Amino acid sequence: MTDTRGAQPPQPHQPPQAGPQQPYHPPQAYSVPPGPGAPRGAGDPGAQRKPRTGARTAPRTRKARLRVAKADPWSVMKVSFLLSIALGVCTIVASVVLWMVMDAMGIFSSVGGTISEATGSNESNGFDLQSFLSLPRVLIFTSVISVIDVVLMTALATLGAFIYNLSAGFVGGVELTLAEDE
């Protein structure tokens, strides 16, 4: 058994270097051979590109002019249907939340008491605001309004796409200028 605690690890064999050491140049993936059609400095690895005089230093903003020539009525109908359903659901949720807040504040009972005093009908045949504006009745009314809204919004958006296509055929459509900031 030999003791290797104080021994140096074996060194790989290095060939002797001939001449002064040159700086390292990484290999180029697409090297351009020097010739009459090659760009300046293509064959010279030490050549550096010189900046142009009068060159802009600010970032360039790309702009594109686009024209909306046609809106597909089928896609407009699908998108407007989904957006109007989302709006209908938001309307129903908002009306439920508003009704719960107004009921918790006691608005229905105080307004109902004021109406009973004003009409002088404290008997059972008088107008009862709390039973008229109950939560199920408000939900039914809001749901009917939301369904009508979904049908109307979808139909109007689709009709709007047809009208836009007709008018774009005459005037060329809407032109947009889009800019890309860097």
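Residues numbered from 1 in each chain as written. Predicted model: local features only at pLDDT ≥ 70, side-chain atom pairs only at ≥ 80, totals over all residues. Heavy atoms only, no water.

Peer 1: For a nonpolar patch on the surface, give the residues involved together with the corresponding values.
Peer 2: There is a patch of nonpolar side chains on the surface, built from F81, L82, I85, V89, V93, V97, V101 and M105 and spanning about 710 Å² of accessible area. Mapped onto the secondary structure, M105 falls in helix α1 (residues 73-105). A residue is classified by how much of its surface remains accessible, and M105, at 60% relative accessible area, is exposed. (Patch = residues over 30% accessible without salt bridge, like charges linked within 9 Å, V, L, I, M, F, W, Y side chains within 5 Å. Areas by Shrake-Rupley, 256 points an atom, 1.4 Å probe, with all protein chains shown as cover. Salt bridge = Lys/Arg side-chain N within 4 Å of Asp/Glu carboxyl O. Helix = DSSP H or I, 4+ residues; strand = E, 2+ residues; numbered from the N terminus. Buried < 20%, exposed > 50% of the residue type's maximum accessible area, 1.4 Å probe, protein only.)

Peer 1: Summarise the side chain of S146; cite the residues concerned and give the values.
Peer 2: On the secondary structure map, S146 appears in helix α4 (residues 135-171). The buried category is assigned to S146, whose relative accessible area is 6%. Beyond its immediate chain neighbours, meaning those up to four positions away, S146 contacts G88, T91 and I92. (Contact = heavy atoms within 4.5 Å.)

Peer 1: Hey, could you go over the pattern of salt bridges for me, with residue numbers and the actual values?
Peer 2: Following the criterion strictly, the structure yields two salt bridges and no others. Between R62 and E180 there is a salt bridge, and its shortest N-O distance comes to 2.6 Å. With a gap of 118 residues between them, R62 in strand β1 (residues 62-68) and E180 in strand β2 (residues 174-180) connect regions that are remote in the sequence. A salt bridge links R65 to E175, with the shortest nitrogen-to-oxygen separation between them at 2.4 Å. Of this pair, R65 sits in strand β1 while E175 sits in strand β2; the two residues are 110 residues apart in sequence, bridging distant segments of the chain.

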